[in-house]
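Here are the chains, one letter per residue:
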Amino acid sequence: MERTLSIIKPDGVKRNILGDIIGRFEKHGLRVAAIKKIWMSKEEAKGFYIVHKDRPFYDSLTDFMSEGPIVVMVLEGDNAIAKNREIMGATNPANAAEGTIRKDFAENVERNIVHGSDATETAAFEIGYFFSSLEIL
Ligand code: CMP
């Protein structure tokens with residue numbers, strides 16, 4: 001069993017497609033172990049994406065991630081990190097495979113509907129950023 005952090009970004013929340021997105025995770029064998037809707041401040045978004053602090057898109061990405069509510073989840077299952085990334089599709093929707101969330105819904109490489117942890121260490125940091133152990137069931 002593995003855990004990963006999943007975020008439905010402000011564009012996904014605005015489009016009212018939470019059920020569709022969560023349904024895709026469940027259909028592929030991932031289980032929601034924790035879930036909440038929050039609205040990050042710019043500073044909180046900057047802390048979450050600190051690994052990207054030197055990238056040219058850091059400011060605009062953190063503006064986007066703090067423009068409205070998001071849904072944060074811990075997904076659990078066999079190979080949850082890789083499976084989640086497969087279900088999401090490539091970061092840039094132009095390169096995303098048919099049937100993936102980003103292919104179906106994402107506008108561009110930044111406004112790409114969902115986020116998922118990319119490795120074990122990042123998953124641990126990202127889960128701990130939003131959830132205490134008492135909230136993961
Ligand atoms: P995410 O999986 O949340 O990880 C980092 C985010 O940065 C990514 O999804 C996109 O939202 C954003 N991102 C990545 N590459 C670019 C880019 N070239 N231009 C703008 N935003 C990007």
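Preceding this section is the structure that the text describes.
Cut-off values and rules
- Residues numbered from 1 in each chain as written.
- Predicted model: local features only at pLDDT ≥ 70, side-chain atom pairs only at ≥ 80, totals over all residues.
- Heavy atoms only, no water.
- Near = heavy atom within 4 Å.
- Polar contact = N/O pair within 3.5 Å; in protein donor to acceptor, adjacent residues only side chain to side chain.
- Areas by Shrake-Rupley, 256 points an atom, 1.4 Å probe, with all protein chains shown as cover.
- Helix = DSSP H or I, 4+ residues; strand = E, 2+ residues; numbered from the N terminus.
- Buried < 20%, exposed > 50% of the residue type's maximum accessible area, 1.4 Å probe, protein only.

1. Focus on the site of the ligand
Neighbouring the ligand are the residues Lys9, Tyr49, His52, Phe57, Leu61, Thr91, Arg102, Val109, Glu110, Asn112 and His115. Here an oxygen atom of the ligand sits 2.9 Å away from a polar atom, N or O, in the main chain of Glu110. Asn112 places a side-chain nitrogen or oxygen 3.2 Å from an oxygen atom of the ligand. In isolation the ligand offers 460 Å² of accessible surface; the protein chains occlude 78% of this area.

2. What about unusual backbone geometry?
A positive phi angle, close to 50 degrees, is found at Asn79, a residue other than glycine. A positive phi angle, close to 70 degrees, is found at Ile113, a residue other than glycine. Structurally, Ile113 is set in the loop between helix H6 (101-105) and strand S4 (114-116). Take Ile113: its relative accessible area is 1%, and that puts it in the buried class.

3. A look at the environment of Asp63
Looking at the element boundaries, Asp63 is found in helix H4 (residues 58-65). Once the C-alpha coordinates of Asp63 and Ser41 are considered, the two residues, 22 residues apart in sequence, prove to be 8.9 Å apart. Polar side-chain contacts of Asp63 include one of 2.9 Å to the side chain of Lys42.

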